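One letter stands for each residue in the lines below.
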Amino acid sequence: MNEYELMTILHPRLSADETAAAIASIEAQITAHGGEMLSTDVWGRRRLAYPINGSMDGTYVLMTLKMPPASASPIESWLIITDPVLRHLLIRGIIPYQGRDRDDDRDRDRDRDRDDRDDRDDRDDDRRDRNDRDERDDRGNEAPAAILDSADAPEEESAAAPATE
């Protein structure tokens with residue numbers, strides 16, 4: 001038997017009793033397919049990132065369970081056609097929450113206290129690079145002003161030359 005995490009988003013129009021009944025029916029389906037429930041954590045109603053079936057909110061429920069691999073497909077098929085379930089995600093493996101480590105806080109403080117003079121030097125180098133790019137044309141040739149001068153010269157000569165007709 002493999003360990004799984006099942007995240008479901010239930011429809012926001014369900015009352016508290018209907019939400020509990022929907023969770024109980026999901027758990028019943030899992031046990032009916034040979035699974036064993038490890039934990040159920042109701043996160044409550046939260047805002048969705050984008051509308052799903054016209055709903056902007058949903059009740060999030062995280063379940064951890066053990067079940068045979070062959071049972072995953074029938075349970076997912078059942079979740080797709082169940083009306084109270086807006087979305088679900090079933091993944092194999094349980095990812096333990098390790099929390100924040102004190103070493104992470106120390107690293108963050110050390111990075112914040114470092115000297116920023118090197119950053120200023122990098123910004124100056126970037127500014128110089130941009131100025132160098134502005135002085136070159138698209139092909140990387142330098143002195144575009146000389147190219148413009150030679151391109152303007154024939155137009156002036158043709159305008160000044162008399163017509164010989």
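Since this is a predicted model, take the numbers as computed values, not measurements. (Residues numbered from 1 in each chain as written. Predicted model: local features only at pLDDT ≥ 70, side-chain atom pairs only at ≥ 80, totals over all residues. Heavy atoms only, no water.)

So, the confidence of the model for the chain
Mean pLDDT for the chain: 79, with 58% of residues reaching 70 or above. When mean pLDDT is compared element by element in the chain, helix α1 (residues 16-32) scores highest at 96, while helix α5 (residues 144-160) scores lowest at 53. (pLDDT = per-residue confidence, 0-100. Helix = DSSP H or I, 4+ residues; strand = E, 2+ residues; numbered from the N terminus.)

Some words on helix α2 (residues 72-81)
Those residues of α2 lying buried are A72, I75 and L79. The arc that holds every buried residue of α2, seen down its axis, measures 70 degrees, which confines them to one face. Seen from the open side of α2, the exposed residues pointing more than 90 degrees away from its buried face are I80 and I81. (Buried < 20%, exposed > 50% of the residue type's maximum accessible area, 1.4 Å probe, protein only. Arc of directions from axis to C-beta.)

Observations concerning the environment of I94
Note that I94 resides in the loop between β4 (85-92) and α3 (102-113). With relative accessibility at 30%, the residue I94 sits in the partly exposed group. Along the primary structure I94 and T64 are separated by 30 residues, whereas in three dimensions their C-alpha atoms are 7.2 Å apart. Look past the residues within four positions of I94 in its chain and what remains in contact with it is E3, Y4, E5, L38 and T64. (Contact = heavy atoms within 4.5 Å.)

So, the sheet that holds strand β3 (residues 55-67)
One open sheet holds the four strands; their spatial order is β2-β3-β1-β4, and the pairing between them is antiparallel. The sheet terminates laterally at β2 (36-52) and β4, the two strands that pair on one side only. The average angle at which neighbouring strand axes cross in this sheet is 20 degrees, direction not considered. Pairing of β2 with β3 involves 11 bridges; the strand directions are antiparallel. Paired with G44 across the bridge in β3 is Y60. The sheet strands contacting α2 are β1 (2-10), β3 and β4, and the helix crosses β4 at an angle near 165 degrees. (Pairing = 2+ DSSP bridges. Axes fitted to C-alpha atoms, helices over the stretch in contact; angles between N-to-C directions.)

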